[in-house]
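What follows is the residue order along each chain.
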Amino acid sequence: MSSERRRRGLMIVVSSPSGAGKTTLCKRLLASEPGVMSSVSVTTRPMRPREAEGSDYLFRTEAEFRAMVDRSEFLEWAEVFGRLYGTPRAEVEARLASGVDIVFDLDWQGARSLKTAMPGDVVSVFILPPSIDQLKARLEGREGATPEGVLARLAGAANDIRRWAEYDHVIVNDDLDAAFDVLRSIVRTRRSVREKAGLGAFVDDLLKSAEGEGF
Ligand code: ADP
Ligand code: 5GP
């Protein structure tokens, strides 16, 4: 018997102070968990070498971006370092409807906006460093780190950390493997929340089958 199991995807929103490890954890999830894809935002900033239209960002002019804002085509958008960035509603809707889970790497403001726009779909996860010393060491050890960049990120860390209570889940990223196990468990568990599991037709079929066999 073929019974329909049509699950709506999750919006997995991951935030952290810069350097706590959210990019590392998200990349690992994307690489190892089938059915999870990265979100693709629209931006007005120029394309960097090795970036591609459609996989890194959808690159648009400012006029095109503003027209999309006017047509309410974003779930959320923000200005970052003088450029515009936004999460396109239609792409997200299409992926969720096809059962794909989407990972969003967003700051607390973006996370808050997405939760307001899509309250039934967002699972939010905050990543904390095990200590400020570790955060500093990770920022310093990251490729391309400069002393000014490290200082600027450390200066912003407390403001980010204070938002931790707005999230559904919190992970202290001390041991990477352990932190990743928790992230993956969160995704797997949230897929089985009854309203998200898409098993209504499947259960109807099970019951019909049971009746058909006289049970
Ligand atoms: P974010 O995306 O939160 O700014 P990254 O994922 O870029 O942070 O991680 C910052 C640095 O810390 C990277 O060099 C990464 O390899 C390293 N890192 C991430 N998680 C851990 C961990 N659990 N233990 C040690 N180093 C880590
Ligand atoms: P970059 O230009 O380096 O790729 O990204 C710059 C910043 O823009 C990052 O902090 C990133 O989190 C943020 N950003 C990227 N896409 C979006 C988006 O769709 N919405 C919001 N609010 N911020 C975004």
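Everything below is about the structure shown above.
The numbers attached to residues start from 1 for each chain and follow its sequence in the written order. To read the labels, note that chains go from A and ligands from 1, taken in the order they are written. In keeping with the predicted nature of the model, local features appear solely for residues at pLDDT of at least 70, side-chain atom pairs appear and are counted solely at 80 or more, and the whole-chain, interface and lining totals rest on all residues. Note that water and hydrogens are dropped before the side-chain values are worked out from all heavy atoms of the structure.

The next subject is the nonpolar core. Put simply, a nonpolar core is a bunch of buried Ala, Val, Leu, Ile, Met, Phe, Trp, Tyr and Cys residues held in one set by side-chain atoms that sit within 4.5 Å of each other. Relative accessible area decides the class of each residue, using a 1.4 Å probe on protein chains only: under 20% of the type maximum gives buried, over 50% gives exposed, and in between gives partly exposed. By size, the foremost hydrophobic cluster in this structure holds 22 residues, and its most contacted members are Leu29, Val125, Ile127 and Ile171. Secondary structure is summarised from DSSP: a helix means a run of H or I of at least four residues, a strand means a run of E of at least two, and numbering begins at the N terminus for each. At the level of elements, strand S1 (11-15), helix H1 (22-32), strand S8 (122-128), helix H5 (132-141), helix H6 (147-161) and helix H7 (176-191) are the ones that each hand at least two residues to this core. If you tally residues by element for this core, the top one is H7, at five residues. Contact definition: two residues touch when any of their heavy atoms are within 4.5 Å. Beyond its immediate stretch of four places on either side in the chain, Leu29 contacts Val36, Val103, Phe180, Leu183, Arg184 and Val187.

In this section: the environment of Glu73. Along the chain, Glu73 turns up in the loop between helix H2 (62-70) and strand S5 (74-80). Residues within four places of Glu73 in sequence aside, it is in contact with Met68, Thr87, Pro88 and Arg89.

To continue, consider the site of ligand 1. Not every one of the 14 residues close to ligand 1 is listed here, only the nearest: Gly19, Thr23, Thr24, Arg142 and Asn173. The term polar contact refers here to a pair of N or O atoms within 3.5 Å; inside protein, the definition further demands a hydrogen-donor-capable atom paired with an acceptor-capable atom, and it admits residues adjacent in sequence only when both atoms are side-chain atoms. In the environment of ligand 1, an oxygen atom lies 2.3 Å from a nitrogen or oxygen atom belonging to the side chain of Thr23. Within the side chain of Thr24, one N or O atom sits 2.5 Å away from an oxygen atom of ligand 1. Relative to its unbound accessible surface of 560 Å², ligand 1 loses 76% to contact with the protein. Broken down by class, the residue content of the shell around ligand 1 amounts to three nonpolar, seven polar and four charged. The cutoff for a nearby residue is simple: one of its non-hydrogen atoms must lie within 4 Å of the molecule or strand. Only the protein chains shown count as cover for residues, and the accessible areas themselves come from Shrake-Rupley with a 1.4 Å probe. In this classification, Asp, Glu, Lys and Arg are treated as charged, Ala, Val, Leu, Ile, Met, Phe, Trp, Tyr, Cys and Pro as nonpolar, and every other residue, Gly included, as polar.

This brings us to the sheet that holds strand S7 (residues 101-105). By this definition, two strands are paired if DSSP reports at least two bridges between them. Read across the open sheet, the five strands follow the order S2-S7-S1-S8-S9; overall the sheet is parallel. Two strands lie at the open edges of the sheet, namely strand S2 (36-38) and strand S9 (169-172), each paired on one side alone. The sheet shows a mean angle of 25 degrees between the axes of neighbouring strands, taken without regard to direction. With four bridges connecting them, S8 and S9 associate as parallel partners. For Val125, the partnering residue across the bridge sits in S9 and is His169. Running over the sheet, H7 touches S1, S2, S7, S8 and S9 and is turned about 160 degrees from S9. Note on definitions: angles span 0 to 180 degrees between N-to-C directions of axes, and those axes are lines fitted to C-alpha atoms, for helices only across the stretch in contact.

Moving on to unusual backbone geometry. The backbone of Arg50 sits at a positive phi, close to 75 degrees, despite the residue not being glycine. On the secondary structure map, Arg50 appears in the loop between strand S3 (41-43) and strand S4 (57-59). Of the residues examined, Arg50 reaches a relative accessible area of 82% and is grouped as exposed. The phi angle at Ser72 is positive, at roughly 55 degrees, despite the residue not being glycine. Among the secondary structure elements, Ser72 is positioned in the loop between H2 and S5. In this structure Ser72 comes out as partly exposed when scored by relative accessible area, which is 47%.

To continue, consider the pattern of salt bridges. Think of a salt bridge as a Lys or Arg side-chain nitrogen and an Asp or Glu carboxyl oxygen that are within 4 Å of each other. According to the stated counting rule, one finds 17 salt bridges in the structure shown. Residues Arg66 and Glu62 are paired through a salt bridge, measuring 3.1 Å at the closest nitrogen-oxygen approach. With Arg66 and Glu62 both in helix H2, this residue pair falls four residues apart, about one helical turn. What makes Arg66 partly exposed here is its relative accessible area of 34%.

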